[in-house]
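Summary of the model geometry
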Amino acid sequence: MTQHRAAACFLLFVILSAVSPAGAQDQSARIRIDPSQKFQEIQGFGINYTGPYFRDDQKAMFDKLIDDLGVTMFRVVPYLVYSNWEETNDNSDPNAMNWEYYNDRYSTPIFEATWNGLRYLNSRGIRPMLSLMGPAPAWMTDKNPPPLRHRVCQEKVAPALQGHLNPAMYDEFAEEVVSMVEYARIQAHIDFEYFSPFNETDCYPPEGPRIDPDEAPKVLEAVARRLKKEGLGDIRLAVAENAVITNDYTDPILKDDELMKLVGVFAFHTYGEESVGPQVERVKASKYSQVPVWLTEYGDLNDEDKTFENQWKNFSLASNRRALTALNEGASAIFYFDAFDDYEECARRLCFYGLFRSASHVYSPKKSYYATRQLYHFVRPGWHRIGVTSEAKGLTLSAFQGSSPEAIVVVGVKEGGANRVQVDLPQGASGPVAWDLYETTRELDCQKVSTLAIRDGHVDIDFPAEAVFTLVGKSGKAE
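Residues numbered from 1 in each chain as written. Predicted model: local features only at pLDDT ≥ 70, side-chain atom pairs only at ≥ 80, totals over all residues. Heavy atoms only, no water.

With that settled, consider the pairing of strand E1 (residues 30–41). Both E1 and strand E19 (residues 420–424) contribute to a ladder of three bridges, which runs parallel. Pairing of arginine 30 across the sheet is with glutamine 422, part of E19. Pairing analysis gives six bridges linking E1 to strand E16 (residues 384–390), with the strands arranged antiparallel. By the bridge assignment for E16, lysine 38 is matched with isoleucine 386. (Pairing = 2+ DSSP bridges. Helix = DSSP H or I, 4+ residues; strand = E, 2+ residues; numbered from the N terminus.)

This brings us to the state of the cysteines. Under the criterion given, the structure shown has one disulfide. Sulfur-sulfur distance for the disulfide between cysteine 153 and cysteine 203 comes to 2.4 Å. Taking the sign of the torsion about the S-S bond as the criterion, the disulfide between cysteine 153 and cysteine 203, at about -115°, is left-handed. Placement of cysteine 153 in the loop between strand E5 (141–142) and strand E6 (164–165) and of cysteine 203 in the loop between strand E7 (194–196) and helix H7 (216–229) is noted, with a sequence separation of 50 residues between them. Judged by its relative accessible area of 40%, cysteine 153 is partly exposed. There is no disulfide at cysteine 346, and the cysteine sulfur nearest it, in cysteine 351, is 6.6 Å away. With a relative accessible area of 21%, cysteine 346 lands in the partly exposed category. (Disulfide = S-S within 2.5 Å. Buried < 20%, exposed > 50% of the residue type's maximum accessible area, 1.4 Å probe, protein only.)

Mean pLDDT for the protein: 93, with 94% of residues reaching 70 or above. Within the model, the stretch residues 1–27 combines pLDDT values under 50 with three contacts to residues more than four positions away or in other chains. (pLDDT = per-residue confidence, 0-100. Contact = heavy atoms within 4.5 Å.)

Its location among the elements puts lysine 143 in the loop between E5 and E6. For lysine 143, a relative accessible area of 58% gives the class exposed. Between the alpha carbons of lysine 143 and proline 159 there is a distance of 5.9 Å; along the sequence they are 16 residues apart. If near-sequence neighbours (up to four positions away) are discounted, lysine 143 is found in contact with Pro159 and Ala160.

With that settled, the discussion passes to helix H3 (residues 59–69). Those residues of H3 not exposed but buried are Met61, Phe62, Leu65, Ile66, Asp68 and Leu69. Directly after H3, the chain includes glycine 70, whose backbone phi takes a positive value near 105°.

With an omega of 0°, the peptide bond between tyrosine 204 and proline 205 qualifies as cis. Looking at the secondary structure, you find proline 205 in the loop between E7 and H7. Note that the residue after valine 239, namely alanine 240, is joined by a cis bond; omega there is -5°. Of note, the phi angle at histidine 361 is positive, near 60°, even though the residue is not glycine. Relative to the assigned elements, histidine 361 resides in the loop between strand E14 (356–359) and strand E15 (362–365). By relative accessible area, histidine 361 is classed as partly exposed at 41%. At cysteine 446, a position not held by glycine, the phi torsion is positive, near 45°. Relative to the elements of secondary structure, cysteine 446 occurs in the loop between strand E20 (434–440) and strand E21 (447–453). The class of cysteine 446 is buried, set by a relative accessible area of 8%.

A separate point is the environment of lysine 261. Looking at the element boundaries, lysine 261 is found in the loop between helix H9 (257–260) and strand E9 (263–269). Here the alpha-carbon distance between lysine 261 and aspartate 234, two residues 27 residues apart in the chain, equals 10.0 Å.

Strand pairing in a sheet relies on backbone hydrogen bonds. The paired strands run either parallel or antiparallel. The strand order around the closed barrel built from eight strands is E2-E3-E4-E7-E8-E9-E10-E11, with neighbouring strands paired in parallel fashion. Direction aside, the axes of adjacent strands within the sheet are offset by 25° on average. (Axes fitted to C-alpha atoms, helices over the stretch in contact; angles between N-to-C directions.)

On to the sheet that holds E1, then. An order of E21-E20-E23-E18-E17-E16-E1-E19-E22 is seen for the nine strands of this open sheet, with the pairing classed as mixed. Edge positions in the sheet fall to E21 and strand E22 (458–462), since each has one partner strand and no second. Within this sheet the neighbouring strands show an average axis-to-axis angle of 25°, counted without direction. Judged from the seven bridges that link them, E20 and strand E23 (residues 466–474) form a sheet pairing that is antiparallel. Across the sheet, the residue bridging to aspartate 436 is valine 472, located in E23. Along the sheet, helix H12 (residues 367–376) contacts strand E17 (395–401), strand E18 (408–415), E20 and E23; its crossing angle with E20, the most-contacted strand, is approximately 160°.

Counted by the stated rule, this structure contains 27 aromatic pairs. Counting every residue linked through ring pairs, the aromatic cluster contains Tyr79, Trp85, Trp99, Tyr101, Tyr102, Tyr106, Phe111, Trp115 and Tyr183. It is lysine 306 that lies over the ring of phenylalanine 352; its NZ or CZ is 4.2 Å from the centre. (Phe/Tyr/Trp six-rings, centres within 6.5 Å; stacked < 30°, edge-to-face > 60°. Lys NZ or Arg CZ within 6 Å of the ring centre and 35° of its normal.)

What follows is about the nonpolar core. Counting residues in each nonpolar core, the largest one holds 113 residues, and the members touching the most others are Phe74, Phe266, Ile334 and Leu375. By residue number, the principal contributor to this core is helix H6 (residues 170–187), which donates nine residues. When sequence neighbours within four positions are dropped, the list of residues in contact with phenylalanine 74 reads Ile47, Tyr49, Phe62, Leu65, Ile66, Leu121, Ile126, Pro128, Met129 and Phe335. In this structure, Leu397, Ala418, Trp435 and Ile461 belong to the second largest nonpolar core, which totals 24 residues. (Core = buried A, V, L, I, M, F, W, Y, C linked by side-chain atoms within 4.5 Å.)

Here it is in structure tokens:
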């Protein structure tokens, strides 16, 4: 009697399991790809680094970033994360550059290392973006800034220490930064298009001079005027590089029609859960809707924890979730911070944000390198983001398509949830006949783990509990 009851209970358990909420959750673990939904064109994937740290023995690392990781864009800081190289005024006239002074400054070893690195990038077909960071020279700042009306990184910085750019010095600031751009173009023979004249002005004093949202257009107007005066009107400005991504520097700039003639991109930073969506909507709602939005810094800030767990959870999973979120909200380019571990002047310490570990000038990729490769290596400039949805918990997805129907790539960050996932393509539509599956996990480094045939538009895939993964569509044509 007991054996029969046990058998009956087991049979009932099997039946109930088939229709239980857990079973329903498995049914919802589905990825649906819709190539008919086309969104922004991807301009490229980039990385940050500090120019003066370039050394010839880094060339192999830079080659790997370009050839293996897939980096096509570089955002380069030319002067030790500060913009204060004009420590004393070159002369008393902001309209006349003292080239005896500037030629001397830009031929120092600090700048020469930057020019060497930028020329190497040019030799590899890269047109880098020049981006200034850190405070302006002290003599350009004032001690009585206006009251705050926006969020900042540090609210209790004494007024005299905020490094607020004095409105009377906008033309002097423009002279300083444009002189660097002119030297880079004319004397150092650097081929570049984009220039960012200031960085994180809401994260003063270390990250930039204090420039408030209503002041930013006036500073940028001075820079734009000086660029045109010096015959550099083809340079496109990247603005406004704010650290607090919800701050609205965008609308005041969009209202300045003359300034917008030189604005090439709106650029933002995030290391948290907020992303570019509201800023994309601001730009799209304006008459300058064609101007792209870039995420020029993302990654993670918990760099002093050098445990594997932190490298995996924050620099691999969370960082790539931020990357996919920004793309899903409309960013057309994203830039990881940072290329390699280095000493940061603004932090006054050795920092460990890099995709490469630096030990006695031996550069080795970290787990975050391979996690980032899952996106950068497989999606190319000129591709478009396409529709992809899933109700599965713990799953962040982006999908992309190249010039042919079968050139589809799906990138995902899996942080828990169901491990078996069904991937669906529209039935009857042309597309890939199989998926190559690549995974970065705690054990694997962007490794191809299987090729899965697509039948009637479907395929079932078993994933680990946590992974950054890529599905690469395979054509039915003979290769």
